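# Geometric and topological summary
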Amino acid sequence: MSYDRNTKILSGIDVPPMYHPNITLGEFLLHYLYRDSTRVIQTNHDDGVQITAGEMAKLGCQIAGGLLKHIKMGDVIGIVCKNTSYVTPLILGGFLAGTPVSTVDPTYRANDIAHVFSLTKPKIVFCDKDNLSEVKEGLRQSEIDCKVLTVDERTAGHSHLFELYESSAANTEFRPKRLDIKASKNCAAILCSSGTTGLSKGCMLSHQQCMGLTKAGPYFATLFSFSSLYWYTGFSGLMQSLGNNVNRVITKKSFSPELLVEIIEKHKVNAIVASPTHIVLLLNAKIIIEKADFSSLWLAILTGGPMDMSLRKEFQKYLKTGSIAMYYATTENGSVISSTTPFEPVSNSCGKPMPNTKVKVVDDDGNSLDALQVGEICVLHPYSFLGYCNNKEETDSAVDSLGWLRTGDIGYVTDGGEIFLVDRKKEVFKQMNYTVYPSEIESFILNIKGVKEVCVVGIRELDGWRGAAVVVTEAESAITEKEIVDEVHKNFPDFKRLHGGAYFVDSLPITSNGKIKRLEARAIAEKMYAQKSRSSFKID
């Protein structure tokens, strides 16, 4: 790792490529699955089904053969599924067949499904029984006519995944073809951006980028994350499992502190990947976390957004033999950008750049900034971003002429090599002509007694933006809006104060991966602010 004061670029160490430049992701994974074929690499917490590496390879080959009876190499397959036993073999089958997989959040309603599929244009779609009607309506809205199969359960009048691979039993020795172009230029998967501040975009990841995810390390015997394969965190965990014979525990159930602890204890999980939001909810569930047995947990990887040092330290106290690590990653980059080192002193840092990764910070005009100056973080990787699927305008705005990816994250670097995040560029707002970073105020409010969760947003008024907080309180808390506003008032300068007020809700709108939907939170604040304004307005 090095920082060049002249170019103002922070660089990870250089590591030469390990793979044939034209190898497919499927061929690569097949090699590693057969390396230790008897090892269990997937355990379903819900029904107890376990699949070994050899069984996974066989199922993937059968599915690949079945897929190519309906579509051709290069056609996109759509997957709208929760984490059930046969979703991973399906994904592997797509890799082996050379059919890019487009994963969609299984909790999406028809209009969101239609939006994604209008971009990725799948030729065949797989879903769960309980979201079949939403998927069909989404396909209708996007004017896509294709075969739809269920994965988790059979349903009358529709084909099931089993029929696809049972019809291709002879293809257990299926071997993928080599790519005609470099693996770094050919799309293997289309993952969506988080959609927390607007409509999701389809991020195209190359075969080479996906292969790189298998070497993210460190490696564990047992790994768990609540993320579905729609999310980068879920997808990267899948790559770790298939490429390193790691036992990946899955569940189709949604996050709860109770379930997280139950899964860690039952399966002796060594590593978890979790969003800061989920960890905050776990920390707030004092009765549960104080009784939890985390003795098997070596590492808790926190990713998906910044987490204040005080909360990191609090969580670290419960990991008696393990450590936390903060990972900074973006779906577009297709790899981890930086990470902290396990067991190092806890700070607000996102760590140092990963191998083959270059980082710089730029101002609004694209000029490189010195260390400690705050601006937009840009990343350069040998296997560059392929672009947003069927969205040239957004692709062109995301990557500059030299290949640097604009992350949309605001932060700074140090000449010691560390990266610090301040906020998301789209979440930043101006109040009194000063820039306000919501995460700074959120971290403070979270430490106010009685506050469980918070999201700080900007409410637009005719005279500019006004900061406001949407708050979830502890069950027995009697804290008032005035108390929260006054605490912020006492500890921050005027331009950072909550001039738009604080508003209490039962729960914050979050994605299935635990990220706050900030546009929806802002809409809630704007509505409650307007109601308060109307009620206080009196006609003489």
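Preceding block: the structure.
So, here is what we can say about the structure in this document. Just so it is clear, the structure is predicted and the values come from calculations on it, not from any experiment. (Residues numbered from 1 in each chain as written. Predicted model: local features only at pLDDT ≥ 70, side-chain atom pairs only at ≥ 80, totals over all residues. Heavy atoms only, no water.)

## Overview of the side chain of Ser228
- Along the polypeptide, Ser228 turns up in the loop between strand E12 (222-224) and helix H8 (232-244).
- Ignoring any residue separated from it by four or fewer positions in sequence, one finds Ser228 in contact with Cys81, Asn83, Pro106, Gly234 and Phe235. (Helix = DSSP H or I, 4+ residues; strand = E, 2+ residues; numbered from the N terminus. Contact = heavy atoms within 4.5 Å.)

## Remarks on the state of the cysteines
- Following the criterion strictly, the structure yields zero disulfides and no others.
- As a non-bridged cysteine, Cys187 has Cys389 as the owner of its nearest cysteine sulfur, 7.0 Å distant.
- Residue Cys210 stays outside any disulfide, its sulfur separated by 8.0 Å from that of Cys187, the closest cysteine.
- Among the residues examined, Cys210 registers a relative accessible area of 0% and is labelled buried. (Disulfide = S-S within 2.5 Å. Buried < 20%, exposed > 50% of the residue type's maximum accessible area, 1.4 Å probe, protein only.)

## Digging into the packing of helix H4 (residues 110-120) against helix H5 (residues 132-141)
- Running from N to C, H4 and H5 cross one another at 50 degrees; their axes reach a closest spacing of 7 Å. The pairing of H4 with H5 is recorded here as oblique in orientation. Of the two elements, H4 crosses H5, and the hand of that crossing is right-handed. Residues Ala110, Asn111, Ile113, Ala114 and Phe117 of H4 lie in contact with H5, whose contacting residues are Glu134, Val135, Glu137, Gly138, Leu139 and Gln141.
- Within the contact of H4 with H5, the residues separate by chemical class into six nonpolar, three polar and two charged. (Axes fitted to C-alpha atoms, helices over the stretch in contact; angles between N-to-C directions. Parallel < 35°, antiparallel > 145°, perpendicular 65-115°, else oblique. Left-handed = near helix turned anticlockwise from the far one by under 90°. Nonpolar A, V, L, I, M, F, W, Y, C, P; charged D, E, K, R; others polar.)

## Description of the pattern of salt bridges
- Applying the stated criterion across every chain yields a total of 20 salt bridges.
- Between Glu487 and Lys490 there is a salt bridge, with its nearest N and O atoms 2.9 Å apart. Of this pair, Glu487 and Lys490 both sit in helix H15 (residues 481-491), three residues apart, roughly one helical turn.
- We classify Glu487 as partly exposed; its relative accessible area is 27%. (Salt bridge = Lys/Arg side-chain N within 4 Å of Asp/Glu carboxyl O.)

## Description of the pairing of strand E19 (residues 358-362)
- A large share of E19 lies buried, amounting to four of its five residues.
- In terms of strand pairing, strand E2 (residues 9-11) meets E19 through two bridges, oriented antiparallel. Residue pairing for E19: Ser11 is matched across the bridge by Lys358.
- Where E19 lies against strand E20 (residues 375-380), five bridges are found, and the strand directions are antiparallel. Within the sheet, the bridge partner assigned to Lys360 lies in E20 and is Cys378. (Pairing = 2+ DSSP bridges.)

## Here's the deal with the packing of aromatic side chains
- Tallied over the full model, the rule gives eleven aromatic pairs.
- With centroids separated by 6.4 Å and ring planes inclined at 40 degrees, the aromatic side chains of Phe429 and Trp465 adopt a geometry described as tilted. Of this pair, Phe429 sits in strand E23 (residues 429-431) while Trp465 sits in strand E26 (residues 464-473), and the two are 36 residues apart along the sequence.
- Classification of Phe429 as buried rests on a relative accessible area of 6%. (Phe/Tyr/Trp six-rings, centres within 6.5 Å; stacked < 30°, edge-to-face > 60°.)

## Some remarks on the sheet that holds E20
- With antiparallel pairing, six strands are arranged side by side in an open sheet as E1-E2-E19-E20-E21-E22. Edge strands, defined here as strands with exactly one partner in the open sheet, are strand E1 (2-4) and strand E22 (419-424). Within this sheet the neighbouring strands show an average axis-to-axis angle of 35 degrees, counted without direction.

## Here we look at the environment of Arg5
- With respect to the helices and strands, the residue Arg5 is situated in the loop between E1 and E2.
- Through-space distance from the C-alpha of Arg5 to that of Glu442 is 33 Å; in sequence the pair is 437 residues apart.
- Among the polar contacts made by the side chain of Arg5, one reaches the side chain of Asp415 at a distance of 3.1 Å. (Polar contact = N/O pair within 3.5 Å; in protein donor to acceptor, adjacent residues only side chain to side chain.)

## Considerations on unusual backbone geometry
- Here Glu143, not a glycine, exhibits a phi torsion of approximately 60 degrees, which is positive.
- Its location among the elements puts Glu143 in the loop between H5 and strand E8 (147-150).
- Residues other than glycine seldom take positive phi values, yet Leu372 does so here, at roughly 80 degrees.
- Relative to the assigned elements, Leu372 resides in the loop between E19 and E20.

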